[in-house]
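Tertiary structure, described
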2 protein chains.
Amino acid sequence: MAATRGEPETTEAVHEELGALRDSIDNIDAAVVHMLAERFKCTQRVGRLKAEHQLPPADPAREARQIARLRELAQDAKLDPAFAEKLLNFIIAEVIRHHEKIANSTRSSAGVPPGSGDPA
Amino acid sequence: MAATRGEPETTEAVHEELGALRDSIDNIDAAVVHMLAERFKCTQRVGRLKAEHQLPPADPAREARQIARLRELAQDAKLDPAFAEKLLNFIIAEVIRHHEKIANSTRSSAGVPPGSGDPA
């Protein structure tokens, strides 16, 4: 069991440092949210293209290449490659859900020429 | 059932557009990996601070504020707020795992003064 610490000076310094770190975390999270908003714009266009041209929503070969590349990038950036892989799988699962929704809504609007409509 | 399409010109154009979209997705993913590598540097420092000062690894009030803020940012960026919340929970779960590891290794090295060692 470590000793209990409670000197006001230390506590204040700790809370100041915690606050500064949390500000950085909040800035990073805002950046990530905006990057992912752009990413979903891209994958939504991919989803529409795939639905209009009857390509399957999932693409295991592409996903394998993405995972291998991201694991390498993570390693270089000193991020746990296993975490990077889990994260990509998490995002891809969401994208596939979107693609399936788009495919369903494209199939249900038969007769619409390709590229003419945003199924969302 | 929609009609099957296979005109070579369309197929080539589709693959070109798919390729361009995937290049953008790959660029965004690289950016996100590097942002998250920085985020984990911050949370590792938070984890060490918390462990050294016997603060609990999880902080539900802070997490609630983060989730509310990110949902708002997501909404403004036209990203599904539910997805942003799930993503943050996914990242926080990983961070808490790290904090618990750091807390355990700090507890097991009793007598080490605060700030003197990186338990990783």
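Residues numbered from 1 in each chain as written. Chains lettered and ligands numbered in written order. Predicted model: local features only at pLDDT ≥ 70, side-chain atom pairs only at ≥ 80, totals over all residues. Heavy atoms only, no water.

Accessible area lost on assembly of the parts is the figure often given for the size of an interface. Tallying the contact residues gives 56 residues for chain A and 56 residues for chain B. When chain A packs against chain B, the two sides together hide about 5800 Å² of surface, and 70% of this comes from carbon and sulfur. Inspection of the chain A/chain B interface yields 10 salt bridges. Taken together, chain A and chain B are joined by 12 residue pairs in polar contact (both at pLDDT 80 or more). When residues of the side of chain A that touches chain B are traced back to their parent elements, those giving at least two are helix H1 (8-52), helix H2 (60-76) and helix H3 (81-107) of chain A. Here the side of chain A that touches chain B takes 30 residues from H1(A), the largest share from any one element. Class assignment of the residues belonging to the side of chain A that touches chain B gives a composition of 30 nonpolar, 9 polar and 17 charged. (Contact = heavy atoms within 4.5 Å. Buried area = accessible area lost by both parts, 1.4 Å probe. Salt bridge = Lys/Arg side-chain N within 4 Å of Asp/Glu carboxyl O. Polar contact = N/O pair within 3.5 Å; in protein donor to acceptor, adjacent residues only side chain to side chain. Helix = DSSP H or I, 4+ residues; strand = E, 2+ residues; numbered from the N terminus. Nonpolar A, V, L, I, M, F, W, Y, C, P; charged D, E, K, R; others polar.)

What follows covers helix H3 (residues 81-107) of chain B. Relative to the 39 Å expected for 27 residues at 1.5 Å per residue, H3(B) spans 38 Å between its end C-alpha atoms, a close match to the ideal helical length. Two or three places before B:Ala82, at the start of H3(B), stands the capping residue B:Asp80, its side-chain oxygen 3.0 Å from that residue's backbone nitrogen. (Expected span 1.5 Å × (residues − 1).)

In this structure's numbering, the residues bearing the UniProt feature "domain: Chorismate mutase" (unreviewed entry) are residues 12-103 of chain A. Taken as a whole, residues 12-103 of chain A contains 88% helix and 0% strand, while its terminal C-alpha atoms sit 55 Å from one another. (UniProt positions renumbered as here; feature names shortened; annotations may be inferred.)

Right, let's talk about the nonpolar core for a bit. Within the largest apolar cluster, 54 residues are counted, with the highest numbers of intra-cluster contacts made by A:Leu36, A:Leu79, B:Leu36 and B:Leu79. Breaking this core down by element, the ones donating at least two residues are H1, H2 and H3 of chain A together with helix H1 (8-52), helix H2 (60-76) and H3 of chain B. When residues in this core are grouped by element, the largest group, 14 residues, is from H1(B). Those residues in contact with A:Leu79 that lie beyond four places of it in its chain are A:Ala74, A:Ala84, B:Val33, B:Leu36, B:Ala37 and B:Phe40. (Core = buried A, V, L, I, M, F, W, Y, C linked by side-chain atoms within 4.5 Å. Buried < 20%, exposed > 50% of the residue type's maximum accessible area, 1.4 Å probe, protein only.)

The next thing to look at is the packing of aromatic side chains. On inspection of all chains with the given rule, the structure shows 5 aromatic pairs over all chains. Ring plane angle 75° and centroid distance 4.9 Å describe the contact between A:Phe40 and B:Phe83, whose orientation is recorded as edge-to-face. Taken together, the positions of A:Phe40 in helix H1 and B:Phe83 in helix H3 put the pair across two chains. What makes A:Phe40 buried here is its relative accessible area of 5%. An aromatic cluster is defined as three or more aromatic residues linked by ring pairs; in this entry it consists of A:Phe40, A:Phe83, A:Phe90, B:Phe40, B:Phe83 and B:Phe90. (Phe/Tyr/Trp six-rings, centres within 6.5 Å; stacked < 30°, edge-to-face > 60°.)

Quick look at the relation of the copies chain A and chain B now. Under the fitted operation, chain A is carried onto chain B by 0.0 Å of movement along the axis and a turn of 180°, and the coordinates agree to an RMSD of 0.0 Å. Classification of the inter-copy transformation places it as that of a two-fold axis. For chain A, the residue whose C-alpha comes nearest the rotation axis is A:Val32, separated from it by 3.0 Å. Same-surface contact between copies: 100% of interface residues of chain A are shared with the interface of chain B. (Least-squares fit on C-alpha atoms with pLDDT ≥ 70 in both.)

Following the criterion strictly, the structure yields 16 salt bridges over all chains and no others. Between B:Asp29 and A:Arg39 there is a salt bridge, with the nearest N and O atoms lying 2.6 Å from each other. With B:Asp29 in helix H1 and A:Arg39 in helix H1, this pair bridges two chains. Summarising the burial analysis for this pair, B:Asp29 and A:Arg39 share the class buried.

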